[in-house]
Amino acid sequence: EQGDRVASKAVSKLLEDSDTEVRYVAARSLANISAKGDPSALLAIKTCLQDSDSSVRAASLESLARMAHKGDSAAIAGITGRLLDEDWEVRSTAVEAMALLAEKEDWDVIAALSQRLEDTALDVRRAAAKALSSVADKGSPKAVKAVTGRLEHTDPDVRLAAIEALPSVAERGDATAVCEVHKRLKHHDSGVRAAAVESLSLVATMGDDA
């Protein structure tokens, strides 16, 4: 039963087990039996964010997002630390966890997620674009600025991620978004041109002569 303190403490102890599989199962299970916001359980799972095994770190992130209350600054700080994890799957999980816990229009979170649009892994960039749409209000000037600022990044994959993310944060008809996307219709990279066409159909209004 969720909220069982005895069971929660017993599972928390197993987070320190010498066997990786045991720690992994414990990390995944703790969220199912701990009361939401339980300080002891949260402390235990946050410690596991530093585990030597990437699967344990990822499982810990998933559980932390379920165990902490929305807006929990300590939990968000712990997740932020894993956005630069050496393992791309952990980074992707951290992005998803951040989207679940962050309050709307949290600029620090928006900035951190925007940075992941520059990630070397495609799945992380896509997760970041999706997460931005959850954390930022539609039409958020901060989010639009953060995304459009990467449209001319030196890495073509980052430019593509930015142009694909823009429709999820910009209001339809947003003059800045429409203008920035329109500029990329003649980009030398065909992938950016294709993404620009799709994005323009989602941010421009009918009859827009941008």
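Our structure is the block above this text.
Residues numbered from 1 in each chain as written. Predicted model: local features only at pLDDT ≥ 70, side-chain atom pairs only at ≥ 80, totals over all residues. Heavy atoms only, no water.

## A few points about the overall build of the chain
Right, on to step 1. Broken down by element type, the chain carries 12 helices and 0 strands.
Right, on to step 2. N-terminal to C-terminal, the α/β element order of the chain is α-α-α-α-α-α-α-α-α-α-α-α.
Right, on to step 3. Structurally, the chain occupies a C-alpha span of about 65 × 25 × 25 Å along its principal axes.
Right, on to step 4. For the chain, the proportion of its 210 residues judged to be buried stands at 46%.
Right, on to step 5. If you take every contact in the chain between residues at least 6 apart in sequence, the share linking residues at least 24 apart comes to 65%.
Right, on to step 6. In the chain, 27 positive and 35 negative side-chain charges are present, and the distance between their average locations comes to 2 Å. (Helix = DSSP H or I, 4+ residues; strand = E, 2+ residues; numbered from the N terminus. Buried < 20%, exposed > 50% of the residue type's maximum accessible area, 1.4 Å probe, protein only. Contact = heavy atoms within 4.5 Å. Lys, Arg positive; Asp, Glu negative; His and termini not counted. Charge placed at Lys NZ, Arg CZ, Asp CG, Glu CD.)

## Some remarks on the environment of R57
Right, on to step 1. For R57, the location among the structural elements is in helix α4 (residues 54-67).
Right, on to step 2. Distance in space between the C-alpha atoms of R57 and Y24 is 8.3 Å, their sequence separation being 33 residues.

## Things to note about the pattern of salt bridges
Right, on to step 1. A full pass over the atoms with the stated rule returns 10 salt bridges.
Right, on to step 2. With its nearest N and O atoms 2.7 Å apart, the salt bridge here joins D51 to R23. Within this pair, whereas D51 is found in the loop between α3 (39-47) and α4, its partner R23 is found in helix α2 (residues 20-33), the two being separated by 28 residues in sequence. Of the two residues, D51 and R23, neither departs from the other in class, the shared state being buried.
Right, on to step 3. Salt bridges here are not isolated pairs; linked through shared partners, they connect E152, E180, K183 and R184. (Salt bridge = Lys/Arg side-chain N within 4 Å of Asp/Glu carboxyl O.)

## Considering unusual backbone geometry
Right, on to step 1. If you check the backbone angles, E105 has positive phi at about 60° while not being a glycine.
Right, on to step 2. Mapped onto the elements, E105 comes out in the loop between α6 (88-101) and α7 (107-115).
Right, on to step 3. Under the relative-accessibility criterion, E105 is labelled partly exposed at 25%.

## Remarks on the layout of surface pockets
Right, on to step 1. Considered as a void within the structure, the largest pocket measures approximately 330 Å³ in volume.
Right, on to step 2. Surrounding the largest pocket, 17 residues form its lining, S12, K13, E16, S40 and A44 being those nearest its centre.
Right, on to step 3. Breaking the lining of the largest pocket down by element, the ones donating at least two residues are α1 (5-14) and α3.
Right, on to step 4. If one sorts the elements of the lining of the largest pocket by residue count, α3 sits on top with 6 residues.
Right, on to step 5. For the lining of the largest pocket, a count of residues per class yields 6 nonpolar, 4 polar and 7 charged. (1 Å grid on protein atoms, 1.4 Å probe; cavity = no way out; pocket = protein on both sides within 12 Å on 5 of 7 lines; lining within 4 Å. Points joined across faces, edges and corners; volume = space filled by probe spheres on them. Nonpolar A, V, L, I, M, F, W, Y, C, P; charged D, E, K, R; others polar.)

## Considerations on the side chain of S63
Right, on to step 1. In this fold, S63 is placed in helix α4.
Right, on to step 2. Taking the relative accessible area as the measure of exposure, S63 reaches 2% and is therefore buried.

## A closer look at helix α8 (residues 122-135)
Right, on to step 1. In this model, α8 (14 residues) spans 20 Å end to end at C-alpha, consistent with the 20 Å of a helix rising 1.5 Å per residue.
Right, on to step 2. For α8, the set of buried residues is V124, R125, A127, A128, A129, A131, L132 and V135.
Right, on to step 3. Considering only its buried residues, α8 is in contact with α6, α7, α9 (141-148) and α10 (156-169). (Expected span 1.5 Å × (residues − 1).)

## Here we look at the packing of α9 against α10
Right, on to step 1. Where α9 contacts α10, the two axes come as close as 9 Å, and the packing angle between them is 170°. With respect to α10, the axis of α9 lies roughly antiparallel. In contact with A143, V144, V147 and T148 of α9, α10 contributes A162, A165, L166 and V169.
Right, on to step 2. Each residue belonging to the contact of α9 with α10 can be placed in one class, and the counts come to 7 nonpolar, 1 polar and no charged. (Axes fitted to C-alpha atoms, helices over the stretch in contact; angles between N-to-C directions. Parallel < 35°, antiparallel > 145°, perpendicular 65-115°, else oblique.)

## Brief notes about the side chain of S60
Right, on to step 1. Mapped onto the secondary structure, S60 falls in helix α4.
Right, on to step 2. A distance of 2.8 Å separates the side chain of S60 from the backbone oxygen of V56, its partner in a polar contact.
Right, on to step 3. Residues contacting S60, with those up to four places away along its chain left out, are A27, I45, C48 and L49. (Polar contact = N/O pair within 3.5 Å; in protein donor to acceptor, adjacent residues only side chain to side chain.)

## Describing α2
Right, on to step 1. Along its 14 residues, α2 runs 20 Å from first to last C-alpha, staying within 8% of the 20 Å computed at 1.5 Å per residue.
Right, on to step 2. Of all the bends in α2, the greatest, near 25°, is centred on A27.
Right, on to step 3. Three or more residues of α2 are buried, namely R23, A26, A27, L30, A31 and I33.
Right, on to step 4. Residues of α2 that are buried in the fold lie against α1, α3 and α4. (Bend = angle between axes of the 7 residues up to and from the residue.)

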